Amino acid sequence: MEGKSLKVGICGGTFDPIHMGHLAITELARCELNLDKVLFIPSGMPPHKDLNTVTSPIHRLNMVRCAVSGNPFFEAVDLEVERNGYTYTVDTLNELHKMYPEDTDFYYIIGADVVMDLLTWKRTEEVFALTKFIAVMRAGYQDKAFIEQIKVLRQKFDIELIPFEAPLIEISSTFIRERISKNQSVKYLVSDCVDAYIKENNLYR
Ligand code: ATP
């Protein structure tokens, strides 16, 4: 539509593996905020996580690709997987700004764990200028601490942070990995194609 700026959601993460929590929350946010599309960006070498325990970027990207393939609004992006060395959100956001029209608004969807950790990101204030945030509560986090953190971030920084109320979905990649390591089913917790990919490649055993 002419004159209307593009609203692009971003869901970034380790996605080790991508699960139904990621997909459901993102789809709810997309509908609620009228996002034109959402980019799923698996990290390359995540600075925050132990490299020895993270599955190779290409496997994680392949799982994201198949998980999002059924949704025309979702797109898997290999920007971070393709980059050498540590990957930082600030670099990704700068690249995305070059790729999209100037007036594009980016909305980074983050769960409560990331809201609490946001100030550990590299060049946070630059990040805050490059994207808005949609903050989603997660099971295991306290409402009060989550709301307080949002308040503090807004008071101290020039940040646009939209709290998003969605049903709590108590699924994490950690939970998926644990179940698989114990030979337990993850059907309905991950997409069928992700379930099949994990089995074919003997991941998380
Ligand atoms: P792990 O258990 O390995 O730490 P994870 O399940 O938290 O993984 P990530 O890939 O680290 O998954 O998460 C990517 C993004 O998705 C983060 O912003 C995280 O907060 C969010 N997220 C993950 N699972 C959920 C969920 N069940 N509900 C809401 N947000 C979620």
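Residues numbered from 1 in each chain as written. Predicted model: local features only at pLDDT ≥ 70, side-chain atom pairs only at ≥ 80, totals over all residues. Heavy atoms only, no water.

The name recorded for the protein chain in an unreviewed UniProt entry is Probable nicotinate-nucleotide adenylyltransferase, from Ruminiclostridium sufflavum DSM 19573. In the Function (unreviewed entry) part of its UniProt record, the protein chain is described as follows: "Catalyzes the reversible adenylation of nicotinate mononucleotide (NaMN) to nicotinic acid adenine dinucleotide (NaAD)." One UniProt comment on the protein chain, placed under Sequence similarities (unreviewed entry), says "Belongs to the NadD family." (UniProt positions renumbered as here; feature names shortened; annotations may be inferred.)

As a structural note, the neighbourhood of the ligand is formed by 19 residues, with Asp-113, Arg-138, Ile-169, Ser-173 and Thr-174 the closest of them. One nitrogen or oxygen atom from the main chain of Ser-173 is found 2.8 Å from an oxygen atom belonging to the ligand. A distance of 3.0 Å separates an oxygen atom of the ligand from a polar atom in the side chain of Arg-177. Coverage of the ligand by the protein chains reaches 90% of its 600 Å² of free accessible surface. Going through the elements one at a time, β1 (7–13), α1 (20–32), β4 (105–111), α5 (112–117) and α8 (173–181) are the ones with two or more residues in the shell around the ligand. It is α8 that contributes the most residues to the shell around the ligand, three residues altogether. Across the shell around the ligand, the residue classes break down as six nonpolar, nine polar and four charged. (Near = heavy atom within 4 Å. Polar contact = N/O pair within 3.5 Å; in protein donor to acceptor, adjacent residues only side chain to side chain. Areas by Shrake-Rupley, 256 points an atom, 1.4 Å probe, with all protein chains shown as cover. Helix = DSSP H or I, 4+ residues; strand = E, 2+ residues; numbered from the N terminus. Nonpolar A, V, L, I, M, F, W, Y, C, P; charged D, E, K, R; others polar.)

For the rest of this paragraph, the subject is the side chain of Arg-60. Position of Arg-60 among the secondary structure elements: in helix α2 (residues 57–68). Although buried, Arg-60 forms no salt bridge, and the nearest oppositely charged side chain, Asp-16, lies 4.8 Å from it. In this structure Arg-60 touches Thr-14, Phe-15, Asp-16, Pro-42, Ser-43, Gly-44, Val-54 and Thr-55, once residues within four positions along its chain are discounted. (Buried < 20%, exposed > 50% of the residue type's maximum accessible area, 1.4 Å probe, protein only. Lys, Arg positive; Asp, Glu negative; His and termini not counted. Salt bridge = Lys/Arg side-chain N within 4 Å of Asp/Glu carboxyl O. Contact = heavy atoms within 4.5 Å.)

With that settled, consider α1. Note: α-helices contain 3.6 residues per turn, so residues at a spacing of three or four share the same orientation. Taking 1.5 Å as the rise per residue, α1 with 13 residues should run 18 Å; its terminal C-alpha atoms sit 18 Å apart, in good agreement. Every buried residue of α1 is listed here: Gly-21, His-22, Leu-23, Ile-25, Thr-26, Ala-29 and Arg-30. Two residues or fewer after α1 comes Asn-34, characterised by a positive phi angle close to 55°. (Expected span 1.5 Å × (residues − 1).)

Okay, the sheet that holds β1 next. Pairing is parallel across the open sheet formed by six strands, whose spatial order is β3-β2-β1-β4-β5-β6. Strands at the two margins of the open sheet, each flanked by one partner only, are β3 (74–76) and β6 (161–164). The sheet shows a mean angle of 25° between the axes of neighbouring strands, direction not considered. Strands in contact with helix α7 (residues 143–156) are β5 (132–136) and β6; relative to β6, the strand with the most contacts, it is inclined by about 165°. (Pairing = 2+ DSSP bridges. Axes fitted to C-alpha atoms, helices over the stretch in contact; angles between N-to-C directions.)

Within the secondary structure, Met-137 is located in the loop between β5 and α7. Residue classification places Met-137 among the buried residues on the basis of a relative accessible area of 12%. Along the sequence, Met-137 and Ala-166 sit 29 residues apart, while their C-alpha atoms lie 7.5 Å from each other. Setting aside residues no more than four positions away along its own chain, Met-137 makes contact with Ala-112, Gln-142, Asp-143, Phe-146, Phe-164 and Leu-168.

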